[in-house]
Amino acid sequence: MKRIYKIWIVLSVAAIWMQSCKTTKGVADGEAARNLSARQIIKRHYKNALDFKTVAGRMRVDYDDGSSSQGFSLSFRIEKDKAIWMSATMNLAKVYITPERVSFYNKLDNTYFDGDFTYLSDLLGTELDFEKVQNMLLGQAMFNLREGDYNSLVVNNNYQLKPVKGMDFVKVLFRVEPANFKMGQQVLSEPQTGRLLTIRYKAYQQVAERVFPEEIGITASEHGNETRIGIKYRNVEFNRKLNFPYNVPKGYREITLK
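Keep in mind it's a predicted model, so treat the numbers as computed, not measured. (Residues numbered from 1 in each chain as written. Predicted model: local features only at pLDDT ≥ 70, side-chain atom pairs only at ≥ 80, totals over all residues. Heavy atoms only, no water.)

**Some thoughts on the overall build of the chain**
Here's step 1: Along its length, the chain carries 4 helices and 15 strands.
Here's step 2: When each of the 258 residues of the chain is scored for burial, the buried share is 53%.
Here's step 3: Accessible surface for the chain amounts to roughly 13,200 Å². Of this, 44% is attributable to carbon and sulfur atoms. (Helix = DSSP H or I, 4+ residues; strand = E, 2+ residues; numbered from the N terminus. Buried < 20%, exposed > 50% of the residue type's maximum accessible area, 1.4 Å probe, protein only. Areas by Shrake-Rupley, 256 points an atom, 1.4 Å probe, with all protein chains shown as cover.)

In structure tokens, the structure reads:
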């Protein structure tokens, strides 16, 4: 069952919202201008950050760790800066993430997990917190680009941003798509540990005049071991009044993930 728990934690990171059947349309590609400076690119990236209070819908997630693969259909709810909630069919399992905790329970074997972001960070090979996870899901840079200096270059019609001065222990690279200045790709690596996390935003779309990811691929690798996650979403609604029902049933056994 440990593999199942691992999948649930990975899915917590992958809760990205996407398609709406009636109000969704694809976002057209833009043309990257070669005369934009890194500062201008970063300014437009934050100017176009998604503005919302809540979002809810359903998502399809496909998971493959090289030895096994599995697909899930989930309901999700997000309250910006406060909570990420997911529920499997018939409430067989639930995930609840806040800025302080990562938690889930599984009715199939009456177990639950409750902890901080340590395991999630170890699993994906980079230090995570709620803000970084939320930014990743929104197509925003996981690190604050306004705090450092970056070199810019046009690569495959994306603006590539690379730090002028490297970070301690972690190497990062960002590619910003030119249509809406959202993330096209985020790459985080730790050469000393052999860890690599790559998030590819394959397409964006517009729902209720908001631009957000339509399809995302996440790859986490370490010393040749690779985990892949593909995500597609539907039936998205913004700014509904939502509740986040989550209570671990009595008698469930707490588990520890390492």
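Now that the structure has been shown, we can carry on.
**Considerations on the environment of Ala203**
Here's step 1: For Ala203, the position within the fold is in strand S12 (residues 195–207).
Here's step 2: For Ala203, a relative accessible area of 24% puts it in the partly exposed group.
Here's step 3: Residues Ala203 and Pro213, spaced 10 residues apart in sequence, show a C-alpha to C-alpha distance of 6.1 Å.
Here's step 4: Among residues more than four places away in sequence, those in contact with Ala203 are Pro213, Glu214 and Glu215. (Contact = heavy atoms within 4.5 Å.)

**Quick notes on the side chain of Thr98**
Here's step 1: For Thr98, the position within the fold is in the loop between strand S5 (93–97) and strand S6 (102–106).
Here's step 2: We classify Thr98 as buried; its relative accessible area is 13%.
Here's step 3: Setting aside residues no more than four positions away along its own chain, Thr98 makes contact with Lys82, Phe117 and Phe130.

**Description of the pattern of salt bridges**
Here's step 1: Summed over the entire model, instances satisfying the criterion amount to 6 salt bridges.
Here's step 2: The shortest N-O distance in the salt bridge between Arg228 and Glu226 comes to 2.9 Å.
Here's step 3: According to the relative accessible area criterion, Arg228 is partly exposed, its value standing at 43%.
Here's step 4: Glu237 is the salt-bridge partner of Arg240, the closest N and O atoms lying 3.5 Å from each other. (Salt bridge = Lys/Arg side-chain N within 4 Å of Asp/Glu carboxyl O.)

**So, the packing of aromatic side chains**
Here's step 1: This structure, assessed with the given rule, holds 8 aromatic pairs.
Here's step 2: When the ring of Tyr150 is compared with that of Phe174, the centres are 6.4 Å apart and the planes differ by 65 degrees; the resulting orientation is edge-to-face. Residue Tyr150 is found in strand S8 (residues 150–155), and its partner Phe174 is found in strand S10 (residues 171–176); the two are separated by 24 residues along the sequence.
Here's step 3: Using a relative accessible area of 0% as the deciding quantity, one classes Phe174 as buried.
Here's step 4: Consider the rings of Tyr201 and Tyr204, whose centres lie 6.0 Å apart with planes at 20 degrees: the pair is stacked. In terms of burial, Tyr201 and Tyr204 fall into one category: buried. (Phe/Tyr/Trp six-rings, centres within 6.5 Å; stacked < 30°, edge-to-face > 60°.)

**Focus on the environment of Val154**
Here's step 1: Along the chain, the position of Val154 falls in strand S8.
Here's step 2: Linking Val154 and Val176, residues 22 residues apart in sequence, is a C-alpha distance of 9.5 Å.
Here's step 3: Filtering out sequence-adjacent residues up to four positions away, Val154 remains in contact with Ala32, Ala33, Arg34 and Tyr159.

**Things to note about the nonpolar core**
Here's step 1: Counting residues in each nonpolar core, the largest one holds 63 residues, and the members touching the most others are Leu145, Leu161 and Phe174.
Here's step 2: Non-local contacts of Phe174, meaning those with residues more than four positions away in its chain, are made with Ala141, Met142, Phe143, Leu145, Tyr150, Tyr159, Gln160, Leu161, Met183, Gln185 and Gln186. (Core = buried A, V, L, I, M, F, W, Y, C linked by side-chain atoms within 4.5 Å.)

**Some details on the confidence of the model for the chain**
Regions with low pLDDT should not have their predicted coordinates read in detail.
Here's step 1: Confidence in the prediction for the chain averages 83 pLDDT; 85% of positions are at 70 or higher.
Here's step 2: Ignoring residues within four places in sequence, the model shows residues 1–5, a span with pLDDT below 50, making 14 contacts including any to other chains.
Here's step 3: The model gives residues 13–25 a pLDDT under 50, and that stretch makes 66 contacts with residues more than four places away or in other chains. (pLDDT = per-residue confidence, 0-100.)

**Let's talk about the pairing of strand S9 (residues 158–163)**
Here's step 1: When you tally the buried positions in S9, you get 5 out of 6 residues, the bulk of the element.
Here's step 2: In terms of strand pairing, S8 meets S9 through 6 bridges, oriented antiparallel. By the bridge assignment, Tyr150 is partnered in S9 with Pro163.
Here's step 3: Here S8 folds back onto S9, and the loop between the two strands holds 2 residues, one of which, Asn156, carries a positive phi near 50 degrees.
Here's step 4: Bridge analysis of S9 against S10 gives 3 bridges, and the strand direction is antiparallel. Residue pairing across strands places Leu161 opposite Phe174, the latter belonging to S10. (Pairing = 2+ DSSP bridges.)

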